[in-house]
Protein chains: 2
Amino acid sequence: MRTSELIFKSRREVPQDAEASSHQLLLRGNYIRRLTSGVYSFLPLGYQVLRRVERIVEEELDRVGASELLLPALHPVEIWRATGRDAKMADVLFGVEGKSGSFVLGPTHEEAVIEAMSPDIESYRDLPKLVYQIQTKFRDEPRARFGLMRTREFIMADGYSFDVDRDTMRASYQRFYEAYQAIFRRVGLKAEPVEADAGSIGGDVNHEFMVASSIGEDHFARCRECGYQANIEAARAGERAGVPVARDIEPVTYSTPNAPGVEIAVKALQAAGAEVEVASMLKSMLLVGEAGQLVLALLPGDRTLNVPRGMRLAEDVEMGDFVKGYIGPQGQSSRVTILADPLVRTRPSWASGANQEGSHTVGLRLGIDFNVDRFENLVVVQDQDPCPHCGAPLELVRSVEVGHTFQLGLTYSGMLAHARFSTVDGQELPYWMGCYGIGVTRVPAVIAQQYGSPEGDAVAWPVEVAPYVVSVVGVGATKDNDVVAVARRLHDLINAGGVSALLEDRDVSTGVAMRDLELIGSPIFCVVGARSLANKMVEIRDRMHDRTTLVPIEKAPAAVIALSRELTSECR
Amino acid sequence: MRTSELIFKSRREVPQDAEASSHQLLLRGNYIRRLTSGVYSFLPLGYQVLRRVERIVEEELDRVGASELLLPALHPVEIWRATGRDAKMADVLFGVEGKSGSFVLGPTHEEAVIEAMSPDIESYRDLPKLVYQIQTKFRDEPRARFGLMRTREFIMADGYSFDVDRDTMRASYQRFYEAYQAIFRRVGLKAEPVEADAGSIGGDVNHEFMVASSIGEDHFARCRECGYQANIEAARAGERAGVPVARDIEPVTYSTPNAPGVEIAVKALQAAGAEVEVASMLKSMLLVGEAGQLVLALLPGDRTLNVPRGMRLAEDVEMGDFVKGYIGPQGQSSRVTILADPLVRTRPSWASGANQEGSHTVGLRLGIDFNVDRFENLVVVQDQDPCPHCGAPLELVRSVEVGHTFQLGLTYSGMLAHARFSTVDGQELPYWMGCYGIGVTRVPAVIAQQYGSPEGDAVAWPVEVAPYVVSVVGVGATKDNDVVAVARRLHDLINAGGVSALLEDRDVSTGVAMRDLELIGSPIFCVVGARSLANKMVEIRDRMHDRTTLVPIEKAPAAVIALSRELTSECR
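This structure is a prediction, so every number in the text was calculated from the model and none was measured.

**Notes on the sheet that holds strand S19 (residues 359-364) of chain B**
Residues and elements named next belong to chain B. Pairing is antiparallel across the open sheet formed by three strands, whose spatial order is S13-S19-S18. For this open sheet the edge positions go to strand S13 (252-255) and strand S18 (350-353), each flanked by a neighbour on one side alone. On average, adjacent strands in this sheet sit at an angle of 25 degrees to one another, irrespective of strand direction. Sheet analysis places S18 next to S19, joined by three bridges and oriented antiparallel. Looking at S19, one finds that Gly353 is bridged to His360.

Below is the structure:
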């Protein structure tokens, strides 16, 4: 390929509203273009990166025996009603009212794949089945962000497995899991599989594949000591040693008018002369359990509640005669179940609401002034919390989710009469499912963020996703016929060797050429300069390792091809 | 690949509601599965055919220098308002009301590609540009039909060209046109480019690529003599010789109460003793022109009106004091423009409405009893009409539209301020566009219709789109170890030779195996039988030409590979 034929036009100006450097790069280099908020076109250069990512996904999933298919985007609303997800995912579903019916634009395809596959799953002999598709999804995102990171239309590689029981489901899960690790390695990303929460997809065991990245909207907790990793919703801190409760004090109640909530209460108490700080306040939060019962959750005032699965925060109308803003655990154990985070054991006493309007109590002691029915992890982990496995301090890493794998089990098949197979004994049972997703359109952005310059004006794409592996440029080429001829010959030989090369053949200055080539981002540059040419040498730049070598002209194509192989094997 | 690993399950029963044999085949062979009316999943076997078609499209469009990109499906409604097509295509547009805005699901992408490309088209130096995408489209089809033929969600390969003037637009058009011919050849279809009407896309010159097929919903007219071809809306018949008008008769008016319209009027007139037939009645139809003026169109009673471009049928309220059901051309020339088809010259006299309720007049003569302002082709062509070029009889061919190419000219760019470039002289002018589309998901159905059995239980896919080029099957293989070993070895050698092979390795009878393999449709079968094996021979079946040859075992892989090449070159 020659730059003169490329549909490419670099932009010098920093694009407005592009906060992340990867987003700036993708706009400046004409990889993508915004059609409207959260909706992007992939221009030819961007489409090439995307296609290369897709090919890698296909190769690795084919390798573990998954078969590619293609499901529709337009789903009849009935199949979403059957699983109750029309309500559960209502906040992000795009509905379509057509003359021909009511549809949902699929943001995920568990329902649709069950419709497609069930007629072929009659007996245990038909299982396991592993399938996947690379397909466009739609989500009515309230907040589109960071270019390709959070969009309303995006491409996902979503896989599904169907099995006879939990064990074979786990084996299928493992096949996808391994393929995912290979995929992310090949696209150049260090993706960490971390334990995660299932959210609206449901199921039991699941992992998010997280890439540490400054454009991340998520965090995961990592223990450098033992390797424990979990995303912020799923992570649990290890227990800290408890301390004995204070025996030499008594609770004292202060008048704290108009001081509901921790922060303001602390100020009011301090003004009244009490020795408290945010960390010694007890947050007492009313929750509603699955059966509708009220639960009181206790945690330190400086921590954030991680609402336990199946529970939710109580709404005002559900609070009955609990005094909102002034709830305390004292005297409550007969009327409500009290859950406490283990951290509640780590102080001799606590301050809390006094269960009456405008009053707080200081000096409340666990087991004396209030009781706890059950201890349970209730707080969102934070930096330096102890690892639940080894106790070493956890580190919170800002990160992007690039993939997610779920052991769904019977979550969907259990509620659908046609999602069944007959066992060896002739029983009709629901099949065991797994589901797996890679955010394909997000991947180029994450790669660009990692391999691009902080200014968003240069990138070195990992070799397997680069639009062109090698860029050949003659320095001062417009003047010197030798330089032009050598550059062209090298380009042709490298291409003939099976490595995609781009020749800079435009009538532009060396400065413009180099700036544009840095946006196009070949990991290898082959620079033909008049001076080195006099010594029959050309320069090969390994941009991934920032190494430059001078090579005799006739050895350059082989050297470039070898370097390309070396870069490839580093990502395998 | 082995059949035991294939996600495939043949169905013996004839699928309900599948009228066409191609639709039956695609359902029986598990190529596709219906999710809801007009919405299909491509199962793994069908997806392979689809992908092979897509690869051919990509190769041929890349060859003519078009660059692949990817535009979104979700279009902000504003860009459709800007071209007025939100109204013009309202009957098929799926609208999406999201929390994040109002969208249209793109059924075509002229608007979206202009948004994507315009920022890169600043001056004449940036032109021409040829781009294309393979992308999912949506249409709220009132009548989904024939499986993949007319669906609500489908994949199109849509291309767009941008040029400085009409001549270069034509050159770009020619590049797509030639690529299309190559694409259809390679997928095994004889697609005829026929002159066509522009419909809601607009523009001037355009061609439909039509494949003669019994599942066609369209017709095109073809002259076997001179090669003239046009679709039914665009085709014009050649002129027939006129005849002198009758001099020896006078018009006679008959009372024909309650007899509006041609068929019923003929009966009433015949009952009253007049000598008339449907072909000698004059249809007099009121039209409304672009400026709102009334136009009277005259054509023989046995022909169908082809409403001229820019006109439409008048509605009842627009007819003023014209007597609906009894209009005749006599005495009208002062108040309305009269257009007549040249066929009006081919009879000495005509019968027509008498311009008063309940009366018809017989014996009306052109130039004496009524006048015509302009002669113009007004009738839909029919079988045996004379060719407009050579006069030979035209033939009407039932056909499927698989592609459509348009010279749009300034149709879109002319109304959009940002669809402009600066010329060599510094003028700002709208660019000249072309647009081009192939109905990718429709192609496998058209191929299956042509290359499948009338019963919908067997197909021989053209070699470049076949999921597997060769199927290797051992006859009586379950019993005979030699047969099994030879079949496996041949399969491996053929695959190693770069030709995709499928090995029948299931524990099923020869009858079941052969029936399933005929559904999977490799164009080449390699049959290893115990009897021929005794003579160290195997059977190679060329299913495209219905030829069987016996070949020595050791020569079989080379023979199969050579046959595959031969079949490929026949489609180039």
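**Some remarks on the pairing of strand S2 (residues 39-42) of chain B**
All names here are of chain B. Residue alternation in S2 divides its side chains into two sets, Val39 and Ser41 and Tyr40 and Phe42, and both sets are buried. Of the pairings in the sheet, the one linking strand S1 (residues 32-36) to S2 comprises four bridges and is antiparallel in character. Counterpart to Thr36 in the pairing with S2 is Val39. The hairpin formed by S1 and S2 contains two residues between the paired strands, and Gly38 there has a positive phi angle of roughly 75 degrees.

**Overview of the domain arrangement of chain A**
Put simply, an interface is often sized by how much accessible area is lost when its parts join up. Its domain assignment divides chain A into domain 1 (50-72 + 106-231 + 396-448), domain 2 (252-375) and domain 3 (461-570). Between domain 1 of chain A and domain 2 of chain A, the C-alpha centre-to-centre distance is 40 Å.

**Quick look at the interface of chain A and chain B**
Counting residues at the interface gives 57 residues for chain A and 56 residues for chain B. Of all residues in chain A, Ile7, Leu35 and Leu70 of chain A bury the most surface against chain B, accounting for 13% of the area lost on that side. Seen at the junction of chain A and chain B, the total is 12 salt bridges. In this structure, the salt-bridge partner of Glu58 of chain A is Arg51 of chain B, at a minimum N-O distance of 2.6 Å. Along the contact surface separating chain A from chain B lie 28 residue pairs in polar contact (both at pLDDT 80 or more). Examining the composition of the side of chain A that touches chain B, we find that six residues originate from one element, helix H2 (residues 44-63) of chain A, more than from any other.

**Quick word on the relation of the copies chain A and chain B**
Expressed as a screw transformation, the operator carrying chain A onto chain B has a rotation angle of 180 degrees and an axial translation of 0.1 Å, and the superposed copies differ by an RMSD of 0.1 Å. In the structure described here, the two chain copies are related by an operation that fits a two-fold rotation axis. Within chain A, the C-alpha atom positioned nearest to the axis of rotation is that of Val96 of chain A, 2.7 Å from it. Interface overlap between copies: 98% of the residues of chain A at the interface are likewise at the interface in chain B, consistent with a symmetric, same-surface contact.

**What to know about the sheet that holds strand S28 (residues 537-542) of chain A**
Residues and elements named next belong to chain A. Spatially, five strands are ordered S26-S25-S27-S28-S29 in an open sheet, and the strand pairing comes out mixed. One side of each edge strand has no neighbouring strand; the edge strands of this open sheet are strand S26 (501-503) and strand S29 (547-552). Strand-to-strand twist in this sheet, taken as the mean axis angle between neighbours without regard to direction, amounts to 25 degrees. Across the face of the sheet, helix H10 (residues 510-520) comes into contact with strand S25 (470-475), S26, strand S27 (524-529) and S28 while running at roughly 175 degrees to S25. The sheet strands contacting helix H12 (residues 556-570) are S25, S27, S28 and S29, and the helix crosses S28 at an angle near 10 degrees.

**Remarks on helix H6 (residues 166-186) of chain A**
Residues and elements named next belong to chain A. Compared with the 30 Å implied by 1.5 Å per residue over 21 residues, the 30 Å span of H6 between its first and last C-alpha is a close match. When we look at burial in H6, the residues that qualify are Met169, Ser172, Tyr173, Phe176, Tyr177, Ala179, Tyr180, Ala182, Ile183, Phe184 and Arg186. With a side-chain oxygen positioned 3.3 Å from the backbone nitrogen of Asp167, the residue opening H6 is Asp165. Downstream of H6 by one or two residues, Gly188 has phi in the positive range, about 95 degrees.

Rules of the game
Residues numbered from 1 in each chain as written. Chains lettered and ligands numbered in written order. Predicted model: local features only at pLDDT ≥ 70, side-chain atom pairs only at ≥ 80, totals over all residues. Heavy atoms only, no water. Pairing = 2+ DSSP bridges. Helix = DSSP H or I, 4+ residues; strand = E, 2+ residues; numbered from the N terminus. Axes fitted to C-alpha atoms, helices over the stretch in contact; angles between N-to-C directions. Buried < 20%, exposed > 50% of the residue type's maximum accessible area, 1.4 Å probe, protein only. Domains from an automatic or database assignment. Contact = heavy atoms within 4.5 Å. Buried area = accessible area lost by both parts, 1.4 Å probe. Salt bridge = Lys/Arg side-chain N within 4 Å of Asp/Glu carboxyl O. Polar contact = N/O pair within 3.5 Å; in protein donor to acceptor, adjacent residues only side chain to side chain. Least-squares fit on C-alpha atoms with pLDDT ≥ 70 in both. Expected span 1.5 Å × (residues − 1).

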